[in-house]
Amino acid sequence: MQLLLGGLLVLGASGAHAEKADRFQPLNFAADAARVEDKQRLNILSGNVEISKGSMVVRSDRVEVRQNADGTQTATAIGGPGGRAYFRQKRDGADEFIEGEAERIVYDGKTEIVRFTGRALMRRLQGQSVNDQVTGPVIVYDNKTSVFQVEGSSDGAASSGRVRGVITPRSSEPRAATEGGR
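Residues numbered from 1 in each chain as written. Predicted model: local features only at pLDDT ≥ 70, side-chain atom pairs only at ≥ 80, totals over all residues. Heavy atoms only, no water.

Enquirer: Which residues make up the nonpolar core, and what values go with them?
Expert: Membership of the largest hydrophobic core comes to 25 residues, with the highest contact counts inside it found for Ile51, Val63, Phe87, Ile105, Phe116, Met122 and Ile139. Contacts of Phe87, omitting those with residues within four sequence positions, involve Met56, Val57, Val58, Ile98, Glu99, Gly100, Ile105, Tyr107, Val114 and Phe116. (Core = buried A, V, L, I, M, F, W, Y, C linked by side-chain atoms within 4.5 Å. Buried < 20%, exposed > 50% of the residue type's maximum accessible area, 1.4 Å probe, protein only. Contact = heavy atoms within 4.5 Å.)

Enquirer: Describe unusual backbone geometry, listing the residues and the values that go with them.
Expert: Even without being glycine, Arg119 reaches a positive phi, approximately 50°. With respect to the helices, strands and loops of the structure, Arg119 is situated in strand β11 (residues 113-126). Classification of Arg119 by relative accessible area gives partly exposed; the value is 43%. Unusually for a residue other than glycine, Ser146 sits at a positive phi of about 60°. Along the chain, Ser146 falls in the loop between β12 (129-142) and β13 (147-153). With relative accessibility at 2%, the residue Ser146 sits in the buried group. (Helix = DSSP H or I, 4+ residues; strand = E, 2+ residues; numbered from the N terminus.)

Enquirer: Quick rundown of the environment of Leu121? Include the residues and the values.
Expert: Secondary-structure assignment places Leu121 in strand β11. For Leu121, a relative accessible area of 10% puts it in the buried group. Counting along the chain gives 18 residues from Leu121 to Ile139, while the straight-line C-alpha distance between them is 7.6 Å. Apart from the residues lying within four places of it in its own chain, the contact partners of Leu121 are Arg84, Glu99, Gly100, Glu101, Gln133, Val134, Thr135 and Ile139.

Enquirer: I'd like to hear about the pairing of strand β10 (residues 104-108), residue by residue, with values.
Expert: Side chains Ile105 and Tyr107 of β10 all project onto a buried face; the interleaved residues Arg104, Val106 and Asp108 project onto a face where none is buried. Bridge analysis of strand β7 (residues 73-78) against β10 gives five bridges, and the strand direction is antiparallel. Bridging from a neighbouring strand, Thr76 pairs with Val106 of β10. Joining the antiparallel neighbours β10 and β11 is a turn of four residues, in which Glu112 adopts a positive phi near 60°. (Pairing = 2+ DSSP bridges.)

Enquirer: Lay out the packing of aromatic side chains in plain terms, naming residues and giving numbers.
Expert: All chains considered together, the criterion is met by two aromatic pairs. Consider the rings of Phe87 and Tyr107, whose centres lie 6.2 Å apart with planes at 25°: the pair is stacked. Here Phe87 is found in strand β8 (residues 85-90), whereas its partner Tyr107 is found in strand β10, with 20 residues between them in sequence. Taking relative accessible area as the criterion, Phe87 reaches 1% and is therefore assigned buried. With relative accessibility at 11%, the residue Tyr107 sits in the buried group. Pairing Phe87 with Phe116 gives two aromatic rings, centres 6.1 Å apart and planes at 80°, and the pair type is edge-to-face. Linking Phe87 in strand β8 with Phe116 in strand β11, this pair joins segments that are 29 residues apart in sequence. Residue Phe116 is classed as buried on the basis of its relative accessible area of 0%. Chaining the aromatic ring pairs together yields one cluster made of Phe87, Tyr107 and Phe116. Note that Arg88 overlies the ring of Phe97, its terminal NZ or CZ placed 3.9 Å from the centroid. (Phe/Tyr/Trp six-rings, centres within 6.5 Å; stacked < 30°, edge-to-face > 60°. Lys NZ or Arg CZ within 6 Å of the ring centre and 35° of its normal.)

Enquirer: Mind laying out the side chain of Asp142, listing which residues take part and the relevant values?
Expert: Within the element layout of this structure, Asp142 appears in strand β12. The buried charged residue Asp142 lacks any salt bridge partner; its closest oppositely charged side chain belongs to Lys144, at an N-O distance of 6.7 Å. Here the side chain of Asp142 touches Lys144 through a polar contact of 2.9 Å, landing on its backbone nitrogen. (Lys, Arg positive; Asp, Glu negative; His and termini not counted. Salt bridge = Lys/Arg side-chain N within 4 Å of Asp/Glu carboxyl O. Polar contact = N/O pair within 3.5 Å; in protein donor to acceptor, adjacent residues only side chain to side chain.)

Right, here's the structure in full:
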């Protein structure tokens, strides 16, 4: 059984989504080693892996990239022993980024869903400032809808199963405009 942080949380009132152009960008990588399995449509990158695809950046110890039949890609990043993988992507139409870390990160290019598993942390940055931050065992972020869900453990055995976060208040209207209308 899992606890949910107040159900679903919507990031920002701006309605910004992941950078739309990222989906059509080539995937560029650097790694200590690469293995290509053409028949399985699989690329296995290992050792200090750095991937970029438009505004999206992934850093990890190991990444498996699968080419889907529809031309999209699914990437699974594994942080390595004791480590975490890193993900960052610009939000479309805003000076905002979503970034996160976890022991395992799975990005599904078809659904545009990012799943952070194991000591998961996700932040929404506006410019260089952290506006929202959540932690928990599992975080699922939907790039299309800008909705994220934080899942915790309900067994109560360890505090690591709890979800935690900071959500910065923001208004959909500039403050001066709302005060002037009183």
